[in-house]
Amino acid sequence: MELTLEAVSHAYGDVTVLSDITLGIPEGQIVCIVGPSGCGKSTLLRFLGGLERPDTGQVLQSGPVPEGCLNPLTYVFQDFALLPWRDVAGNISLVLEDHGIRGARAEAIIADVLARTKLSDFHKALPKQLSGGMKQRVAIARALAVNPAVMLLDEPLSALDAQTRELLMDDLVTLWERAPFTAVYVTHNLSEAVRLGHRIVVLSRRPGTIREVVTIDTPLGERRAGDPALEAHQARLWHLMRQEAEAADKELGHV
Amino acid sequence: MSDTPKDVPFRGGGFRPRRVRGVGLAVFVVLIALIEWGTRTGWISNLTLPRPSAVLETFRNLIETGLLWKHMLPSLSRLAVGSALGISAGVAAGVMIGLFSLVRAGMVPLVAALFPIPKIALLPLFVIWFGIDEGSKYALIALGTFTPTVVATYGAVDNVDRTLIRMGQSFGLSWASIVRKIVLPGALPGILSGLRVSIAIGIILLVAAEMLGAQYGIGAYILEAGSLYDLERLFAGVVILSGLGVLTSGVIGWVERRVLAWRV
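Residues numbered from 1 in each chain as written. Chains lettered and ligands numbered in written order. Predicted model: local features only at pLDDT ≥ 70, side-chain atom pairs only at ≥ 80, totals over all residues.

1. Focus: the overall build of chain A
Phase 1 of the analysis: Along the backbone of chain A there are seven helices and nine strands.
Phase 2 of the analysis: Taking 255 residues into account, the globule formula puts the C-alpha radius of gyration at 18 Å, and chain A, at 18 Å, falls close to it.
Phase 3 of the analysis: Overall size of chain A, expressed as C-alpha extent along the three principal axes, is 55 × 40 × 35 Å.
Phase 4 of the analysis: Within chain A, the proportion of its 255 residues that are buried is 42%.
Phase 5 of the analysis: Nonlocal contacts in chain A, meaning residues at least 24 apart in sequence, comprise 75% of its contacts between residues at least 6 apart. (Helix = DSSP H or I, 4+ residues; strand = E, 2+ residues; numbered from the N terminus. Rg over C-alpha atoms; globule rule 2.2 N^0.38 Å. Buried ≥ 20, exposed ≤ 12 C-beta atoms within 10 Å, placed from the backbone. Contact = placed C-beta atoms within 7 Å.)

Have a look at this one:
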């Protein structure tokens, strides 16, 4: 399935956060959206999944959804959004129950997604017992359980420490290589963007507009930390963002 | 500055309540022993406080004559029926206020108007409405437990993590599923801690209701003892009420530990 944003603009009160964004999300690719804080990247992601409506412009979906897809547009949140009163399996079955999937069928799906996210031993663990990285793995497993057409990841690794982030990036690459999925990945971390993005969309500071779209051709599996080509991309992205970030940092909050 | 190294002075620690066992019990024991000693030596006159051993004796009498159960059973059933009515209506109303803006706009001022009314003042009215029998007592306890439960419940619903609700919506969960699987379990800790207050208020109102037109019941027992200036029996009644308070608080604590084990 493909998603298209057409001339999307949005304002909160009299503060314009996004202005005239036109962007296509091609099937089977990871599109990273980077930009300084407050540039409206998370807002953009909420438009893509229908959690919020833009003032003007259109968000369009086209093409068929994959077979067995329960929830075409599926989010992974920065703060994991796991129900603390349900164990790992219960958190995943939560999103299956409403589709009438229970019992053995649900068990099969849960076992499959837990295996894919290396969580098989944590079936009965409560979220409070898990580390941040494990919690985000559960959230990713939950997203995989509904077999989404597009994954919408909202700074999924920002709450994690640097080492865990590396591990999870590797896991995401492995997941993508095994079964390529379409994803929009919002982040403020440029090294995540160059590791995971087929295309990287750089937003300017508020009001957010698309400054540039960078395409990286190196296959995901061949990207390594410290790769000179990636470093060059990252340096270029930082050059693009630096002034924006500096200016955004000095802005007064509109409260 | 001298060259010899010194220990860095320790400035941390403290400000962290620890669990200290047995002290609570010791306070009770010391206090009661002091009163016993005071009343025996005549340092505390018999009219000021009854002798704890005499209260104990009265209490034993109560059990032996079977009068304890004659007073306890009606009281407990009044408390159970009245607070069950008030709390279930309160939780339902609180959840509705938490979920629907229209209900909130209509009900919150009403609850704010009902809350500060001393419910005891309404007892004569309830007697006219529901009769002098059990009905008026149920109604008094129900109304008294209703308002604090409503306030605690809608506060608890308001405090449910919105990101969890967004998550539910983003996975296409139905409205009913979101309420049942996300909002209600998320509000449960707040509702349960509200119940502590509600039930304590229920006990206070129980006694008040029984002081007016009840033959049996702890309230009636205390009122009778008080009008006869029988301090031993008065205090025996008060001890029962304290015990009831400790018991209900203990039960809620037990339920919390069982049901809310997921809390960090």
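Further notes follow.
2. Comments concerning the overall build of chain B
Phase 1 of the analysis: A tally of regular secondary structure across chain B gives ten helices and zero strands.
Phase 2 of the analysis: If one aligns the C-alpha atoms of chain B with their principal axes, the spans along those axes are about 85 × 70 × 30 Å.
Phase 3 of the analysis: Expressed as a percentage of its 264 residues, the buried residues of chain B come to 31%.
Phase 4 of the analysis: Of the contacts made within chain B by residues no fewer than 6 positions apart, 71% connect residues no fewer than 24 positions apart.

3. Here we look at the sheet that holds strand S2 (residues 15–25) of chain A
All names here are of chain A.
Phase 1 of the analysis: Sheet architecture is open: three strands sit in the order S2-S1-S4, paired in antiparallel fashion. The two strands at the open ends of the sheet, each matched to only one other strand, are S2 and strand S4 (56–62). The average undirected angle you get between the axes of adjacent strands in this sheet is 15 degrees.
Phase 2 of the analysis: When strand S1 (residues 2–12) meets S4, the two strands line up antiparallel, connected through six bridges. Paired with Glu 6 across the two strands is Gln 58, which belongs to S4.
Phase 3 of the analysis: Against the sheet, helix H1 (residues 41–48) touches S1, S2 and S4, its axis set at about 55 degrees to S2. (Pairing = 2+ DSSP bridges. Axes fitted to C-alpha atoms, helices over the stretch in contact; angles between N-to-C directions.)

4. Some points on the interface of chain B and chain A
Phase 1 of the analysis: The interface is formed by 16 residues belonging to chain B together with 17 residues belonging to chain A.
Phase 2 of the analysis: Looking at which element gives the most residues to the side of chain B that touches chain A, the answer is helix H7 (residues 162–170) of chain B, with six residues.
Phase 3 of the analysis: Of the residues in the side of chain B that touches chain A, the class split is eight nonpolar, six polar and two charged. (Nonpolar A, V, L, I, M, F, W, Y, C, P; charged D, E, K, R; others polar.)

5. Details of the UniProt feature "domain: ABC transporter" (unreviewed entry) in chain A
Phase 1 of the analysis: Annotation from UniProt places "domain: ABC transporter" (unreviewed entry) at residues 3–232 of chain A.
Phase 2 of the analysis: Overall, residues 3–232 of chain A shows 33% helix and 26% strand. The separation of its end C-alpha atoms is 29 Å. (UniProt positions renumbered as here; feature names shortened; annotations may be inferred.)

6. Regarding the sheet that holds strand S9 (residues 210–215) of chain A
Residues and elements named next belong to chain A.
Phase 1 of the analysis: Across the sheet, six strands lie side by side as S5-S6-S7-S3-S8-S9; this open sheet has mixed pairing. Edge strands, defined here as strands with exactly one partner in the open sheet, are strand S5 (73–76) and S9. The average angle at which neighbouring strand axes cross in this sheet is 20 degrees, direction not considered.
Phase 2 of the analysis: Direction of pairing for strand S8 (residues 199–203) relative to S9: antiparallel, over a ladder of five bridges.

7. A word on the domain arrangement of chain A
Residue and element names in this part refer to chain A.
Phase 1 of the analysis: Partitioning chain A into domains gives domain 1 (2–65 + 149–250) and domain 2 (84–147).
Phase 2 of the analysis: The C-alpha-based centres of domain 1 and domain 2 are spaced at 26 Å.
Phase 3 of the analysis: At the junction of the two partners, domain 1 supplies nine residues and domain 2 supplies six residues.
Phase 4 of the analysis: Of all the elements, helix H5 (residues 162–178) adds the most residues to the side of domain 1 that touches domain 2, at five residues.
Phase 5 of the analysis: Considered class by class, the residues forming the side of domain 1 that touches domain 2 number seven nonpolar, one polar and one charged. (Domains from an automatic or database assignment.)

8. Quick notes on helix H9 (residues 218–227) of chain B
Residues and elements named next belong to chain B.
Phase 1 of the analysis: For H9, the full list of buried residues reads Ile 218, Gly 219, Ala 220, Tyr 221 and Ile 222.
Phase 2 of the analysis: On its buried face, H9 sits against helix H3 (67–99), helix H8 (175–210) and helix H10 (231–259).
Phase 3 of the analysis: Looking one or two residues past H9, Tyr 229 carries a phi angle of roughly 55 degrees, positive in sign.

9. Details of helix H4 (residues 132–145) of chain A
What sets the pattern is the α-helix's 3.6 residues per turn: residues three or four places apart point alike.
All names here are of chain A.
Phase 1 of the analysis: The end-to-end C-alpha separation of H4 is 20 Å, in line with the 20 Å expected for 14 residues at 1.5 Å each.
Phase 2 of the analysis: Most of H4 sits out of view: twelve of its 14 residues are buried.
Phase 3 of the analysis: Three or more residues of H4 are buried, namely Met 134, Lys 135, Gln 136, Arg 137, Val 138, Ala 139, Ile 140, Ala 141, Arg 142, Ala 143, Leu 144 and Ala 145.
Phase 4 of the analysis: On the buried face of H4, the contacting elements are S5, helix H2 (88–97), helix H3 (103–116), strand S6 (150–154) and H5.
Phase 5 of the analysis: After H4 finishes, the residue Asn 147 shows a positive phi value of roughly 50 degrees. (Expected span 1.5 Å × (residues − 1).)

10. Section: the pairing of S1(A)
Residue and element names in this part refer to chain A.
Phase 1 of the analysis: Across seven bridges, the pairing between S1 and S2 is antiparallel. Across the sheet, residue Ala 11 finds its bridge partner in S2, namely Thr 16.
Phase 2 of the analysis: A loop of two residues connects S1 with S2, the two strands running antiparallel in sequence, and Gly 13 in this loop sits at a positive phi of about 65 degrees.

11. Structural notes on the packing of H8(B) against H10(B)
Residue and element names in this part refer to chain B.
Phase 1 of the analysis: Close contact between H8 and H10 brings their axes to 10 Å; oriented N to C, the two are set at 165 degrees. In terms of axis orientation, H8 runs roughly antiparallel to H10. Handedness of the H8/H10 crossing: right-handed. Contact residues: H8 offers Leu 188, Leu 192, Leu 195, Arg 196, Ile 199, Ala 200, Ile 203 and Val 207, while H10 offers Leu 241, Leu 244, Gly 245, Thr 248, Ser 249, Ile 252, Val 255, Glu 256 and Val 259.
Phase 2 of the analysis: Looking at the contact of H8 with H10 residue by residue, the class counts come to twelve nonpolar, three polar and two charged. (Parallel < 35°, antiparallel > 145°, perpendicular 65-115°, else oblique. Left-handed = near helix turned anticlockwise from the far one by under 90°.)

12. Details of the UniProt feature "transmembrane region" (unreviewed entry) in chain B
Phase 1 of the analysis: On the UniProt side, "transmembrane region" (unreviewed entry) is annotated at positions that read residues 20–39, 79–103, 110–132, 138–157, 199–222 and 234–255 of chain B here.
Phase 2 of the analysis: As a span, residues 79–103 of chain B carries 96% helix and 0% strand, and end to end its C-alpha atoms are 29 Å apart.

13. Here we look at the UniProt feature "domain: ABC transmembrane type-1" (unreviewed entry) in chain B
Phase 1 of the analysis: Mapped onto the present numbering, the UniProt feature "domain: ABC transmembrane type-1" (unreviewed entry) falls at residues 72–252 of chain B.
Phase 2 of the analysis: Structurally, residues 72–252 of chain B comprises 84% helix and 0% strand, and the distance from its first C-alpha atom to its last is 20 Å.

14. Digging into the environment of B:Leu79
Residues and elements named next belong to chain B.
Phase 1 of the analysis: Inspection of the secondary structure puts Leu 79 in helix H3.
Phase 2 of the analysis: Of the residues examined, Leu 79 has 25 C-beta atoms within 10 Å and is grouped as buried.
Phase 3 of the analysis: Sequence separation of Leu 79 and Ser 170 is 91 residues, and the distance between their C-alpha atoms is 44 Å.
Phase 4 of the analysis: In this view, Leu 79 contacts Ile 141, Gly 202, Ile 203 and Leu 206; residues no more than four positions away in its chain are not counted.

15. As for the environment of A:Arg86
Phase 1 of the analysis: Examined against the element boundaries, A:Arg86 turns out to sit in the loop between S5 and H2.
Phase 2 of the analysis: The residues contacting A:Arg86, other than those within four sequence positions of it, are A:Asn91 and A:Leu94.

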